[in-house]
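So you can see what is in the structure, the chains are spelled out below.
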Amino acid sequence: MKTILGYLRPHAPRVAVGVTVKFSAAVLELLLPLLLAHIIDGCVPARDLPGVFRAGGWMLVMAFGAALCNITANRMAAWVSMDVTRQLRRDLYRRTLFLSQAQMDRFSVSSIVSRLTNDTYNVHQMFDKIQRGGIRAPMLVLGGMVLTFLQAPPLALVQLAVCSATFFAICWVTRRGIPRYARAQEAVDTVVRIIRENAAGVRVVKALSCQGRERDRFAAASQAAKEAEETAGSVMAAANPLSDFLLNLGLVLVVLAGAALVNRGWMSSGQIVAFLSYFTIIQTATLGLAKLFVKYSKGVASARRIEEVLLAPEDQQVRPAGEAQGPELGMRDVSFSYLGVEKDLDSASFSIRKGETLGILGPTGAGKTTLVSLLLRLYDADGGVVWLGGRDVSTLSREALQGRFGAVFQNEALLNDSVYENISFLRNLPREEVAAAAKTAQAWDFIQQLSGGLDARLDIRGANLSGGQRQRLLIARALAAKPGILILDSADSALDYRTAAALHAALRRDFPGVTLAVISERVASLRDADRILVLEEGVITAQGTHRELLETCSRYRRMAELQMGGPA
């Protein structure tokens, strides 16, 4: 919680003013029963009607003053809590952008989304309610206790015992509620993950007629989240009934004892009325605290989940740099495992020079994308060296890596924005460079046919484009910033052979100095590569040029014969 509470420090002056205003409102509310006692014990017996009006007028002024102070303080509390939440959500979002891919895998995207939305909302509610009720309620309880002790110590002792028991009950319930709310938030993460999966794969779900299965899966996750929330709520639900029971029991005891004291003449009627007013004030404030502890429980559980991300250590350290002594792009005895059990890439070694093309071929699950992820330093290798620009990639800072790569991965999303913004991708690139990239990516012809051209607006995830059109826009996005190294992960899978051939010819023509890494299932897309890697189960089983592999690698030769009708 220390990290989250640190966001309140810049707002300390405003919080202090709010506390002062709330204190003023509490003082005014506590003075009202004293004036009421004065009217009953002093003005009424003396038949002092002007005194009644004067005291009543002061009570009216104080009531309006307390209301005005509470409204002002509540508005200030709302402003502080909203600004704190805005800054917290901003920093949390920024931190997620700099998490390593391994850390993102551990947290999961659905959990990150839940922390950015649901958890920050719970923290907002906690800060807001604490500033409102967390200041006023204790003031009313403490102030009321002091004034009741001054008026009737025996009755005040009864009241103190009841309030103490109430606070202990609330604390006992809260300690058991916080862990349960944490588990409830984890259940919400699962619901968010299923929603994201179905939103992204809605076409596949419909095409395979899996709506019923997905509906059942979502219903099961929703039921689990509901049960987790009910479990937490059932624990916290005990707070209000316990508080009501104890406070009502105290009220009965106070009324009986007070009636006996008045009957014996040890207390006046005005005093007992004032005492009961204070008891009501204290009772209401204590019940408010019980509700506040529910918000506090949710807020603390969410704050801890947010802190897990904010305080996540930097797990990709930059090692001291030595002299450049490696190839432009390559690996030496690189091994890697996602789960640390079975190697997903084993003893991978290759190298290419600047401006050359690397082809990566292999079946699904062979380790092609894993190899590229290590080149991009999305993950760090478990062993071996990954070379980039002649240097060990682990010696390059994030800033040094930025801008060197252009990459197109499978299933990348398009923005619900213009064609220009989708290619520029928030980089404010000149329209001429965007148009040039679109021409190289073979996207310019269909862009011109759209209503508005570069300014045509795309639907969510580019739903108003074909698969091949979306893929060409993604390639244009990768080319627009003129990267030194371009990685295409199955980027031509939705293109016909003619368009794919034109794309590769345009890349060689317009970007002659770019180092290219191409992942493809098509031998035709890789035949002109300077070095082709054949991967099977995380192992590079063969590498060489197209001609060399036709002679030395039976698997490559079979694929060429099947796809191209012969080993041409």
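Everything discussed here concerns the structure shown above.
Keep in mind that what you see is a predicted model, and the values were worked out from it rather than measured. (Residues numbered from 1 in each chain as written. Predicted model: local features only at pLDDT ≥ 70, side-chain atom pairs only at ≥ 80, totals over all residues. Heavy atoms only, no water.)

## Side note on helix α17 (residues 497-510)
Here α17 is 14 residues long and its end C-alpha atoms lie 20 Å apart, about the 20 Å a rise of 1.5 Å per residue gives. Residues of α17 that are buried include every one of Thr499, Ala500, Leu503, His504, Ala506 and Leu507, and no others. Projected down its long axis, α17 carries its buried residues within an arc of 160°, all on one side. In α17, the exposed positions that point more than 90 degrees away from the buried face belong to Tyr497, Arg498 and Arg509. Buried residues belonging to α17 abut α14 (431-440), α16 (467-480), β7 (485-489), β8 (515-519) and α18 (523-526). (Helix = DSSP H or I, 4+ residues; strand = E, 2+ residues; numbered from the N terminus. Expected span 1.5 Å × (residues − 1). Buried < 20%, exposed > 50% of the residue type's maximum accessible area, 1.4 Å probe, protein only. Arc of directions from axis to C-beta. Contact = heavy atoms within 4.5 Å.)

## A short note on the sheet that holds β8
The strand order across the open sheet built from six strands is β6-β7-β8-β3-β9-β10, with neighbouring strands paired in mixed fashion. The sheet is open, and its two edges are formed by β6 (405-408) and β10 (539-544), each paired on a single side. Strand-to-strand, the axes of this sheet are offset by a mean angle of 15°, without reference to chain direction. With four bridges joining them, strand β3 (residues 357-361) and β8 adopt parallel strand pairing. Bridge pairing in β8 places Thr357 opposite Leu516. Along the sheet face, helix α11 (residues 368-375) touches β3, β6, β7, β8, β9 (531-536) and β10 and points at about 145° away from the line of β3. Packed on one face of the sheet, helix α20 (residues 554-564) meets β3 and β9 and runs near 105° to β9. (Pairing = 2+ DSSP bridges. Axes fitted to C-alpha atoms, helices over the stretch in contact; angles between N-to-C directions.)

## Observations concerning the pairing of strand β4 (residues 383-388)
Where strand β1 (residues 329-336) meets β4, five bridges bridge the pair, whose relative direction is antiparallel. Directly across from Gly330, in β4, lies its bridge partner Trp387. Bridge count for β4 against strand β5 (residues 391-392) is two bridges, and the pairing is antiparallel. Bridge pairing in β5 places Leu388 opposite Arg391. Hairpin connection between β4 and β5: a loop of two residues separates the two successive antiparallel strands, and Gly389 in this loop has a positive phi of roughly 60°.

## Some remarks on the packing of helix α2 (residues 12-43) against helix α3 (residues 49-97)
Between α2 and α3, whose axes approach to 8 Å, the crossing angle comes to 160°. Comparing the axis directions of α2 and α3 gives the class roughly antiparallel. The two elements α2 and α3 meet at a crossing, and its hand is left-handed. (Parallel < 35°, antiparallel > 145°, perpendicular 65-115°, else oblique. Left-handed = near helix turned anticlockwise from the far one by under 90°.)

## A look at the packing of aromatic side chains
One pass over the full model with this rule turns up three aromatic pairs. Relative to Tyr338, the ring of Phe336 lies with its centre 4.9 Å away and its plane at 85°, an arrangement referred to as edge-to-face. On the accessibility criterion, Phe336 (4% relative accessible area) is buried. Judged by its relative accessible area of 36%, Tyr338 falls in the partly exposed class. Measuring from ring centre to ring centre gives 5.2 Å for Tyr338 and Tyr379, while their planes differ by 85°; the resulting arrangement is edge-to-face. Pair noted here: Tyr338 is in the loop between β1 and β2 (345-352) and Tyr379 is in the loop between α11 and β4, with a separation of 41 residues, a long-range link. Through pairs of rings, three or more aromatic residues link up here, namely Phe336, Tyr338 and Tyr379. (Phe/Tyr/Trp six-rings, centres within 6.5 Å; stacked < 30°, edge-to-face > 60°.)

## Section: the packing of α14 against α16
The interhelical angle for the contact between α14 and α16, taken along N-to-C directions, is 130°, at an axis separation of 8 Å. With respect to α16, the axis of α14 lies oblique. Relative to α16, the crossing made by α14 is right-handed. Seen from α14, the contacting residues are Glu433, Ala437, Ala438 and Thr440; seen from α16, they are Ala476, Leu479 and Ala480. Considered class by class, the residues forming the contact of α14 with α16 number five nonpolar, one polar and one charged. (Nonpolar A, V, L, I, M, F, W, Y, C, P; charged D, E, K, R; others polar.)

## Digging into empty space enclosed by the protein
On inspection of all chains with the given rule, the structure shows two cavities of 30 Å³ or more. Within this model, the largest cavity holds a volume of roughly 60 Å³. For the largest cavity, the full set of lining residues is Arg14, Val15, Gly18, Val19, Lys22, Ala73, Met76, Ala77, Gln131 and Ile135. Counting only elements with at least two residues in the lining of the largest cavity, the list comes to α2, α3 and α5 (109-151). Element by element, the count of residues in the lining of the largest cavity is highest for α2, at five residues. Its boundaries defined by the atoms lining it, the second largest cavity holds a volume of some 30 Å³. (1 Å grid on protein atoms, 1.4 Å probe; cavity = no way out; pocket = protein on both sides within 12 Å on 5 of 7 lines; lining within 4 Å. Points joined across faces, edges and corners; volume = space filled by probe spheres on them.)

## Notes on the side chain of Glu307
Inspection of the secondary structure puts Glu307 in helix α10 (residues 269-310). The side chain of Glu307 is buried and forms no salt bridge, while Arg304, the nearest opposite charge, is found at 6.6 Å. Among the polar contacts made by the side chain of Glu307, one reaches the main-chain amide nitrogen of Ile4 at a distance of 3.4 Å. Setting aside residues no more than four positions away along its own chain, Glu307 makes contact with Met1, Lys2, Thr3, Ile4 and Ala312. (Lys, Arg positive; Asp, Glu negative; His and termini not counted. Salt bridge = Lys/Arg side-chain N within 4 Å of Asp/Glu carboxyl O. Polar contact = N/O pair within 3.5 Å; in protein donor to acceptor, adjacent residues only side chain to side chain.)

## Comments concerning the nonpolar core
Formed by 50 residues in total, the largest nonpolar core has its most connected members in Ile423, Ile447, Leu473 and Tyr556. Setting aside anything within four residues of it in sequence, one finds Tyr556 in contact with Leu361, Val523, Ile532, Val534, His546, Leu549 and Leu550. (Core = buried A, V, L, I, M, F, W, Y, C linked by side-chain atoms within 4.5 Å.)

## Description of a nonpolar patch on the surface
A cluster of nonpolar residues, Phe23, Val27, Leu31 and Leu34, forms a patch on the protein surface that exposes about 290 Å² of accessible area. Among the secondary structure elements, Phe23 is positioned in helix α2. (Patch = residues over 30% accessible without salt bridge, like charges linked within 9 Å, V, L, I, M, F, W, Y side chains within 5 Å. Areas by Shrake-Rupley, 256 points an atom, 1.4 Å probe, with all protein chains shown as cover.)

## Some words on the side chain of Asn122
Tracing the chain through its elements places Asn122 in helix α5. One polar contact links Asn122 to Ser302, side chain to side chain, over a distance of 3.0 Å. Those residues within four positions of Asn122 in sequence are excluded, and the remaining contacts are Gln185, Lys298, Gly299 and Ser302.

## A few points about the environment of Leu458
Mapping Leu458 onto the fold places it in the loop between α15 (444-449) and α16. When the C-alpha positions of Leu458 and Asn422 are compared, they lie 8.7 Å apart, and in sequence the two are 36 residues distant. Leaving out residues up to four positions away in the same chain, Leu458 has contacts with Leu414, Leu415, Asn416, Asp417, Val419, Asn422, Asn464, Leu465 and Leu473.

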